[in-house]
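Here is how the chains run, residue by residue.
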Amino acid sequence: MEKYSKEIEFTINNLNLKSITIQKLNRIGVTDIRSLMSKNVHQIRNLEGIGETSARAIVKAVKEFDVKEQTYHHTDCKTIIDKYGFNPHVQNPPLAWKEAQETFDELLSARKAAAYLSISKNALRKSIKKGYSRDLFLVADYDVKDIPPVHNRPKVFFLKSILDDIKNDIGTLGEVSTILSVSYSTLKNFNQRGYFDSAKLTSQSFIVSRIEEILPSCYKLTSEKRGSNKTPNGVERFELIGSRLQELIERYLKHRREGLPIKLNGQLRVGRGLSKDNRIIEVKKILALQFYKILAGRAQIEGFEERRKSIWYRDLTEDELEMLAETAETFDIYDFNENDIKSIKLGVGESTYWANVNRVLKPFLWFVLMEKEKELNRDARIKGEYDFAKWNTYQITKNAFDDALDLIPYKKPKPKYKMGKLFLDRSSIIKLYHLIKNTKVPYVRDTEKWCTMLMLGFFTGLRTDEVRLVEISDFRISNKTGLLKKDKNGYGRLFLPDYKSKGGYAPSPSWGTYIVPELVKLINKYLSSLYAKFPNTIGKGYLIRPTDYLYNVSYTSSSAFSTWITRLKRNNFFDDVLTEDEISRFHYYNTRHTVAELILRSPISDSYLIEWRKRAAQVHIRHNMELTSGDIIDIGYTREINEEDYFLIIDKALNFPWE
C-alpha cells in the first residue's frame, strides 16, 4: 500500500492553530504544511512576525497533523517529485533500472553516498527532502523503475560519476568565501535567500564550482530587487540595445575577464583585466545604460533621461520602445560621435558622467578599435598588402572617437557637494533629527534606523565603516531585554573592539565610549521596534542592517550611509534647516567633526577641565588613542585622561535636551 492512498490537503488551514497564527503564516506566504514539517521552533521563529509562543504552537500542530496515521519524517518519493521535479539528467523518466546502470555507471544509496563523501548520513537525508542539488540523485519509481526487490530497498540513488566530480569541490560557506574571495556576509545573505539551493550538498556543505557559476546571477537578482538594475518597463537595458551591441559587449567582457591587454598601434592602453564577477556585472550594466541613452538620443525620444523616484529613468511608451528597437537594428558602433557623448551626459551628475565614460566606455571603444586593427592586419597578411582605403576609413573612425572623447574633461570635475569640514551647532543637530524623525515624504523610509545612525555619528563620532559593523552586543546590554543598560547618570556604553575600528587601532577606551541619555533612549526605542517584529533577534546581530530580519547580515559597504543623505539633498530636503553651503558640505563623515567641535566648545568654566577638553574629544571619537601625532585635533599629552574627567567634559558638552 502506498503511503498516501488519496489526495491529502496540506494547506495550513488544516492545522490546529488560532486564526491569528494562520493569518500570520498566510501573510508571509507560508500556505503549505510541508514547508513547516522539517523546521524546529528556532527556525520558525526566524520567520517574519512569528514569536516564540506562535512558533511552539506551530511545531506542535505540525507534529499532530495526521496523514492516514503516517508521519512525514520518512523520505516520500512523490513529494520530492511534486516539489522539485525529475532529475535533469533523465530525459524521459522513468528510466529502466538496467538503462540507468548503463547510463550512470554506478548508483549508491544515501548511506553509501554519505560515506563516500565523508559527510553525515542524516544531513544528506535532510538535504534530499529539501531538494538540494536535485541532479545528484534518482528517485525510485519516478526517475528510475523496475528496481530489483531487495530488503530495505533505497528510495533514492546517488550518481557516483557526478559525486566523483564534486568530491574534492565541497566546502563550508566560510571556505567558499576564502576560495572565491567573496565576502562571507554576502554569501550568507544569498544562501538565506535560497539562491544556493542548487549548489548545496547539505545545509552546511556547498559545491564550490557551482556557487562560482551562479554568483553573477545572484548579484543580478539582488540588484533587480533593489531596483538599480531595473529599466524602463521592467526590461533590462541590455535587452534593449540590439543583438550586435550585446554580442560586442559580451566579447569585450570575455576579453577583460581573461586579463588580456588592449593595444592600439602597438601601444598598451589597458593592461589589467576584470577579475571580480561583481565588477564585470557593474561594467556590463554601465555600458548597457550608456548605449541605451545613445540609442534613445538617436531615436529622438524626448525626455528619456527624466527620472522617477529620483534614481530610475522613466518608463518608455510602446511607441518609444519601438523607435528604440528600430534604432538599435541600424546602429553601427563605428558611427560613434560627439552627439552620442552628449546623450550619455543627460540625466547624470558631472562626476558620475566623467567616471563612467573614462573608466568604462573609453576602454570599450579602444577594444572596438583594436579589433578593427587586428582585422585589417589579418587581411593584409592574407593578401600580402595593405588596403589603404580601409585603413583611411579606420583612421577617420578613430579620429571621430577621439573627437567625441575630447569632450570629456581631462581632470575629474569637483563634486557638486563639497567634502570640506562641517561643524553644526546643537540647534542644527536637533532640527535635523526632528526633520527626519517626523517626515512623511514617501522617499524617506526607515526613519528610526536613519535617525539612530545619524545621531550615533553626531554623539559618538563613529566612522561610516565602523557604524555598519557595530553589533548590539558591542553595547552594554541587558541579557533579558537586549536593550542598552544605563548607569546611575542615565548613560550607556559602547565597547567598539579594535578589529572593527579604523585600521584596527582605534577601539573604545577601557571604560567604553559614553552614550548620552537621549541617545540611549533613541537606540532602545529603535531596538524595541526591531524586537517587537522579530523576537528571536533580541540582543543579536548588527545594529544598522540592510534587512531587519537578517540580523547577522551587515551592509557590504559604507556607501549606503552616504547615498541616503545625497538623495535627500537632491530633493531639497534640508533647505529649511541648513544653509546652501552647509548642505553642500553635509556628509555622514562630518558628524564626526561636529562632535569633536562640540566638545572643544563645551561650556566649561573649570580651568583644569578646559585643559583636558582636547584630549577628551580625541578619546571620545577614538582619534590618536596611542598619544601619537594626529591631524584632527592637534594635541600631545604625556599622560592620559582619566574616566572621571572624561565623563565630566562629555556630560557638559553632549548631554543636552533634544526637544
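Residues numbered from 1 in each chain as written. Predicted model: local features only at pLDDT ≥ 70, side-chain atom pairs only at ≥ 80, totals over all residues. Heavy atoms only, no water.

Looking at the overall build of the protein
In terms of helices and strands, the protein carries 26 helices and 13 strands. Within the protein, the fraction of its 659 residues that count as buried is 49%. Expressed as a percentage of contacts within the protein between residues at least 6 apart in sequence, the contacts between residues at least 24 apart total 68%. (Helix = DSSP H or I, 4+ residues; strand = E, 2+ residues; numbered from the N terminus. Buried < 20%, exposed > 50% of the residue type's maximum accessible area, 1.4 Å probe, protein only. Contact = heavy atoms within 4.5 Å.)

Some thoughts on the sheet that holds strand S2 (residues 107–108)
Strand order in the open sheet formed by 3 strands is S2-S5-S3, with antiparallel pairing between adjacent strands. Because the sheet does not close on itself, it has two edges, and the strands there are S2 and strand S3 (137–139). (Pairing = 2+ DSSP bridges.)

Here we look at the environment of Arg 45
You can see Arg 45 is positioned in helix H2 (residues 41–45). Each C-alpha atom, one on Arg 45 and one on Phe 534, is 7.9 Å from the other, the two residues being 489 residues apart in sequence. Polar side-chain contacts of Arg 45 include one of 3.3 Å to the backbone oxygen of Pro 535. (Polar contact = N/O pair within 3.5 Å; in protein donor to acceptor, adjacent residues only side chain to side chain.)

Quick notes on the pattern of salt bridges
This model, assessed by the stated rule, comprises 21 salt bridges. The residue Arg 601 makes a salt bridge to Glu 597 at a minimum N-O spacing of 2.6 Å. The class of Arg 601 is exposed, set by a relative accessible area of 60%. When salt bridges with common partners are traced through the structure, they connect Arg 463, Glu 466 and Arg 622 into a single cluster. (Salt bridge = Lys/Arg side-chain N within 4 Å of Asp/Glu carboxyl O.)

Examining the packing of aromatic side chains
Per the counting criterion, the structure on display carries 23 aromatic pairs. Ring geometry for Phe 291 against Phe 331: centres 6.2 Å apart, planes inclined by 65 degrees, an arrangement best described as edge-to-face. Taken together, the positions of Phe 291 in helix H13 (residues 277–298) and Phe 331 in the loop between helix H14 (318–330) and helix H15 (338–345) put the pair 40 residues apart, joining distant regions of the chain. Geometrically, the ring pair formed by Phe 291 and Phe 364 is edge-to-face, given 5.5 Å between the ring centres and 70 degrees between the ring planes. Here Phe 291 is found in helix H13, whereas its partner Phe 364 is found in helix H16 (residues 350–383), with 73 residues between them in sequence. Judged by its relative accessible area of 0%, Phe 291 is buried. Note on Phe 364: relative accessible area 0%, which makes it buried. Each member of the aromatic cluster is reached from another via a ring pair, and the members are Tyr 252, Phe 291, Phe 331, Phe 364 and Phe 367. Against the face of Tyr 334 rests Lys 372, its NZ or CZ located 5.2 Å from the ring centre. Note that Arg 493 overlies the ring of Tyr 514, its terminal NZ or CZ placed 3.7 Å from the centroid. (Phe/Tyr/Trp six-rings, centres within 6.5 Å; stacked < 30°, edge-to-face > 60°. Lys NZ or Arg CZ within 6 Å of the ring centre and 35° of its normal.)

A word on H15
For the α-helix, the turn length of 3.6 residues means that residues three or four positions removed from each other point alike. Among the residues of H15, those classed as buried are Asp 340, Ile 341, Ser 343 and Ile 344. Axial view of H15: buried residues confined to an arc of 155 degrees, hence all on one face. The N-capping residue of H15, defined by a side-chain oxygen 2.9 Å from the backbone nitrogen of Asn 339, is Asn 337. (Arc of directions from axis to C-beta.)

A look at the nonpolar core
Judged by nonpolar contacts, the single largest core of 71 residues is most densely connected at Met 455, Phe 459, Phe 475, Leu 519 and Leu 543. Mapped onto this core, the elements with two or more residues apiece are helix H18 (426–438), helix H19 (447–460), strand S13 (513–515), helix H21 (517–533), helix H22 (560–570), helix H24 (590–600), helix H25 (607–620) and helix H26 (643–654). If you look at the next biggest cluster of nonpolar residues, it comprises 56 residues, including Phe 238, Ile 249, Leu 316 and Leu 405. (Core = buried A, V, L, I, M, F, W, Y, C linked by side-chain atoms within 4.5 Å.)

Details of the packing of H19 against H24
Where H19 meets H24, the closest approach of the two axes is 6 Å, and the angle between their N-to-C directions is 40 degrees. Viewed along their axes, H19 and H24 adopt a mutual orientation that is oblique. Residue-level inspection shows Leu 454, Gly 457, Phe 458, Phe 459 and Thr 460 of H19 in contact with H24, the latter providing Thr 591, Arg 592, Thr 594 and Val 595. (Axes fitted to C-alpha atoms, helices over the stretch in contact; angles between N-to-C directions. Parallel < 35°, antiparallel > 145°, perpendicular 65-115°, else oblique.)

Comments concerning unusual backbone geometry
Residue Asn 265 is not a glycine yet carries a positive backbone phi of 55 degrees. Take Asn 265: it is sitting in the loop between strand S8 (262–264) and strand S9 (267–270). The class of Asn 265 is exposed, set by a relative accessible area of 54%. The backbone of Arg 622 shows a phi angle near 60 degrees, a positive value even though the residue is not glycine. Structurally, Arg 622 is set in the loop between H25 and H26.

Quick word on the confidence of the model for the protein
Here the protein averages 81 in pLDDT, while 88% of its residues score no lower than 70. Of all helices and strands in the protein, the one with the weakest mean pLDDT is strand S10 (residues 307–308) (61), whereas S13 scores best (97). Across residues 1–8, where pLDDT falls below 50, the model places 13 contacts with residues more than four positions away in sequence or in other chains. For residues 629–638, every residue scores under 50 in pLDDT, and the model assigns this stretch 23 contacts once sequence neighbours within four places are set aside. (pLDDT = per-residue confidence, 0-100.)

Some details on the side chain of Asn 524
Following the sequence through the fold, Asn 524 ends up in helix H21. Relative accessible area serves as the criterion here: at 12%, Asn 524 is assigned to the buried category. Separated by 2.7 Å, the side chain of Asn 524 and the backbone nitrogen of Leu 484 make a polar contact.

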